[in-house]
Amino acid sequence: MIYISGQLPVHPATGEIIGDIRNATRQILKNIQAILKKTDLDLSNIVKTTIFLKNIKDFSVVNEVYADFFPKDPPARSTVEVSVLPRGALIEIEAIAARE
């Protein structure tokens, strides 16, 4: 099992937080892909994610982006609204992946 702690929408080259929810979600999922690649895994190995949203009204936009990364058989997922995230982020995602 690979446990990926909560990932913020940090651009890997600049270290800056991505500010809009669509691009922030995309950046986090790309960052998770990069972490998995280092362990010879990919998104298909993810069995569970938890998404923390600053504003639950962003849920539909997050779903659209999430579907681009998990077009078939997405992993189990929980989504919750939180009052504050580190560095003023709008979203944070944690994931659990399993080797087959």
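Higher on the page you've got the structure.
The residue numbers shown here count from 1 along each chain, following its written sequence. In view of the model being predicted, local features appear only for residues whose pLDDT reaches at least 70, and side-chain atom pairs are presented and counted only at 80 or more, with totals across whole chains, interfaces and linings using the full set of residues. Note that water and hydrogens are dropped before the side-chain values are worked out from all heavy atoms of the structure.

Asker: Describe the sheet that holds strand 1 (residues 2–7), listing the residues and the values that go with them.
Answerer: At least two bridges found by DSSP between two strands is the condition for calling them paired. Counting from the N terminus, the helices are the DSSP runs of H or I reaching at least four residues and the strands are the DSSP runs of E reaching at least two. Pairing is mixed in the open sheet, where 4 strands are placed in the order 1-4-2-3. The open sheet has two free edges, formed respectively by strand 1 and strand 3 (76–81), since each of these has just one partner strand. Within this sheet the neighbouring strands show an average axis-to-axis angle of 10 degrees, counted without direction. Across 6 bridges, strand 2 (residues 46–53) lies against strand 3 in parallel orientation. For helices, the axis comes from a line fit to the C-alpha atoms of the stretch in contact; other axes are also lines fit to C-alpha atoms, and the angle between any two N-to-C directions lies between 0 and 180 degrees.

Asker: If you had to explain helix 1 (residues 21–37) to someone new, which residues and values would you point to?
Answerer: The span one expects for a helix is its residue count, reduced by one, times 1.5 Å. With 17 residues, helix 1 extends 24 Å between its outermost C-alpha atoms, agreeing within 8% with the 24 Å of an ideal straight helix rising 1.5 Å per residue. When helix 1 is considered as a whole, its buried residues turn out to be Ile21, Ala24, Thr25, Gln27, Ile28, Leu29, Asn31, Ile32 and Leu36. Buried residues are those whose accessible area, probed at 1.4 Å on protein chains only, stays under 20% of the maximum for their type, while exposed residues exceed 50% and partly exposed ones sit between those limits.

Asker: Can you lay out the nonpolar core for me, pointing to particular residues and giving the numbers?
Answerer: Of all hydrophobic cores here, the largest spans 23 residues; its most connected members are Leu29, Ile32, Leu36, Ile46 and Ile91. Those elements that provide at least two residues to this core are helix 1, strand 2, helix 2 (59–69) and strand 4 (91–97). Per-element accounting of this core gives the leading share, 6 residues, to helix 1. Throughout, a contact is declared for two residues whenever any of their heavy atoms are within 4.5 Å. Dropping the residues within four chain positions of it, Ile32 is found in contact with Ile4, Gln7, Leu43, Ile46, Ile93 and Ala95. Take the buried residues of types Ala, Val, Leu, Ile, Met, Phe, Trp, Tyr and Cys, join any two whose side-chain atoms come within 4.5 Å, and each joined set is a nonpolar core.

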